[in-house]
Amino acid sequence: MKEVIVRPGMNGYKYSVYTVGGGFIFNADSMKVIRDCYRYELRHGLLTIRKERSKSE
């Protein structure tokens, strides 16, 4: 199962999405945008989204 990490955003965005290894994927203004991008994977249990509160975690 894959996992993506949602952290506080940068450059004016509310959220930033990263891989588990720390690689940047994209910025988003809302969690809805992130869930819409991964809709198929979430519905079929292929991906989980983990939300972190700060960049240092």
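Small disclaimer: the values here were computed from a predicted structure and weren't measured.

Procedures and definitions
Residue indices begin from 1 for each chain and proceed along its sequence in written order. A pLDDT threshold of at least 70 governs which residues receive local features in this predicted model, and a stricter bar of 80 or more applies before side-chain atom pairs are shown or counted, although totals over entire chains, interfaces and linings include all residues. As a rule here, side-chain values come from all non-hydrogen atoms in the structure, and water together with hydrogens is ignored. Secondary structure follows DSSP: runs of H or I at least 4 residues long count as helices, runs of E at least 2 residues long count as strands, and numbering of each begins at the N terminus. Two things to know: the radius of gyration comes from C-alpha atoms, and the globule rule equals 2.2 Å times the number of residues to the power 0.38. Accessibility here uses a 1.4 Å probe with only protein chains present; expressed as a share of the type maximum, an area under 20% marks a residue as buried, one over 50% as exposed, and anything in between as partly exposed. Methods summary: accessible areas were calculated by the Shrake-Rupley approach with a probe of 1.4 Å, and residue burial reflects only the protein chains presented. Take a side-chain nitrogen of Lys or Arg and a carboxyl oxygen of Asp or Glu: if they are within 4 Å of each other, that pair is a salt bridge. At least two DSSP bridges between two strands are needed for those strands to be called paired. Should any heavy atoms of two residues lie within 4.5 Å, those residues are considered in contact.

What the protein contains, in helices and strands, is two helices and four strands. For the protein, the succession of helices and strands along the chain, N to C, is β-β-β-α-α-β. The C-alpha radius of gyration computed for the protein amounts to 11 Å, which stays within 12% of the reference 10 Å derived for 57 residues, consistent with globular compactness. With the C-alpha coordinates of the protein rotated into their principal frame, the extents come out at 30 × 20 × 15 Å. Classification of the 57 residues of the protein by burial places 30% in the buried group. Approximately 4000 Å² of the protein is accessible, and the part contributed by carbon and sulfur atoms is 51%.

One pass over the full model with this rule turns up four salt bridges. Salt-bridge contacts for Asp 36 lead to Lys 32; the nearest nitrogen and oxygen are separated by 2.9 Å. Taken together, the positions of Asp 36 and Lys 32, both in helix α1 (residues 31-37) and four residues apart, correspond to about one turn of that helix. Taking the relative accessible area as the measure of exposure, Asp 36 reaches 35% and is therefore partly exposed. Between Asp 36 and Arg 39 there is a salt bridge whose closest N-O contact spans 2.8 Å.

All right, on to the pairing of strand β1 (residues 2-8) then. By the bridge criterion, five bridges tie β1 to strand β4 (residues 47-51) in an arrangement that is parallel. When the sheet's bridge partners are listed, Lys 2 is paired in β4 with Leu 47. Pairing of β1 with strand β2 (residues 15-19), which is carried by five bridges, proceeds in the antiparallel orientation. Within the sheet, the bridge partner assigned to Val 6 lies in β2 and is Val 17. In sequence, β1 turns back onto β2 through a hairpin of six residues, with Asn 11 there showing a positive phi of about 60°.

So, on to the environment of Lys 14. Here Lys 14 lies in the loop between β1 and β2. The sequence separation of Lys 14 and Asp 29 amounts to 15 residues, and the corresponding C-alpha distance is 5.1 Å. Each residue touching Lys 14, except ones within four places of it in the same chain, is listed here: Arg 7, Pro 8, Gly 9, Ala 28 and Asp 29.

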